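The chain contents come next:
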Amino acid sequence: TFMAYCPKCAHPLKIWNIKAECPYCGVNIPNYNWEGNLDADAEKAEKAWVKFRKFTGNLKSALFGNLFRIIRFAFTFLPLVVLILPLASYSLNLPFFGDSSTNFTLLDFSMNTLLSLNWGSLLGLMSAETLGSPVAMLIFSILLIYLAIVFGVLNFVFVLLKAPSLKAGANIVLCVLSTLSFAIAGVLFTLSVSQIGATSTNFIDGSVQFGLFVGIGLFGLNVIFNVLINRSFKKERKAQA
């Protein structure tokens, strides 16, 4: 049975070899090649420091390296203002919707309407022959708005995660998804209200509002910012190589 090897002669040491000297070659094991070990430790510490300086330097450069990057960082979370902006106006005349509002804001809907909805009755309308398709579009349009916000929050997270590596590809994808989610949600809501209005059971009427276009515009600007920033990141990475 042995616990380790002698660093000089590589002879296996028994569990009872507790002296500082190797019983086979006599070298002092704790002090063997201490200068070389000290140099190795110093080299490791230097590499770790260089890596840390590069990490912090890239983080600062990616977020605040110039005015354009500062603007891009500010616009990363600016689109979340759509939480309090009216995305649509609507009126309802079905009891299972509970309290309704003339304006649809995501914050108000989440806090005051979402949990009060009779989702069983609402989902049941999706199986109706006439209302099934427009109701499905209506529900999907609301889900897309939430997804757009989720993508927006992830965009902010990935700005921080990818800054040290000077990359913005994930941010481009997330901002494109947010922009498309808002745009498709507006189209689906408009089609849904139009198709429901053409039926005898006209339980909802409404139209999209400026908040939706603000969301599309702000996330669209984020796409442009991230595309341009990603190009400058590539040049910066090449200069560091």
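To keep things clear, this report deals only with the structure shown in the data block. (Residues numbered from 1 in each chain as written. Predicted model: local features only at pLDDT ≥ 70, side-chain atom pairs only at ≥ 80, totals over all residues. Heavy atoms only, no water.)

Further remarks concern the overall build of the protein chain. Per the secondary structure count, the protein chain includes seven helices and five strands. Starting at the N terminus and ending at the C terminus, the protein chain contains elements arranged as β-β-α-α-β-β-α-α-α-α-β-α. Contacts in the protein chain between residues far apart in sequence, at least 24 positions, make up 62% of those at least 6 positions apart. Just so you have it, the protein chain exposes about 14000 Å², and 66% of that area is on carbon and sulfur atoms. (Helix = DSSP H or I, 4+ residues; strand = E, 2+ residues; numbered from the N terminus. Contact = heavy atoms within 4.5 Å. Areas by Shrake-Rupley, 256 points an atom, 1.4 Å probe, with all protein chains shown as cover.)

On to the packing of aromatic side chains, then. If you walk through the whole model with that rule in mind, you get eight aromatic pairs. Ring centres of Phe75 and Phe225 lie 5.2 Å apart, and the angle between their planes is 80°; this geometry places the pair in the edge-to-face category. Note that Phe75 is positioned in helix H2 (residues 67-77) and Phe225 in helix H7 (residues 210-240), a separation of 150 residues in sequence. In this structure, Phe75 and Phe225 share a single accessibility class: buried. Judged by centre distance (6.0 Å) and plane angle (85°), the ring pair of Phe77 and Phe156 falls under edge-to-face. On the criterion of sequence distance, the pair formed by Phe77 in helix H2 and Phe156 in helix H5 (residues 132-162) is long-range, its members being 79 residues apart. What makes Phe77 partly exposed here is its relative accessible area of 42%. (Phe/Tyr/Trp six-rings, centres within 6.5 Å; stacked < 30°, edge-to-face > 60°. Buried < 20%, exposed > 50% of the residue type's maximum accessible area, 1.4 Å probe, protein only.)

Tallied over the entire structure, the rule returns two salt bridges. Residue Lys47 pairs with Glu43 through a salt bridge whose shortest N-O separation is 3.5 Å. One end of the pair, Lys47, and the other, Glu43, are both in helix H1 (residues 34-64), four residues apart, so they sit about a helical turn from each other. Owing to a relative accessible area of 44%, Glu43 belongs among the partly exposed residues under this scheme. Here Glu236 and Arg69 are joined by a salt bridge, their closest N and O atoms 3.0 Å apart. One end of the pair, Glu236, is in helix H7; the other, Arg69, is in helix H2, and 167 residues separate them in sequence. Of the two residues examined, Glu236 and Arg69, each falls in the buried class. (Salt bridge = Lys/Arg side-chain N within 4 Å of Asp/Glu carboxyl O.)

Purely spatial values, then, with no claim about function.
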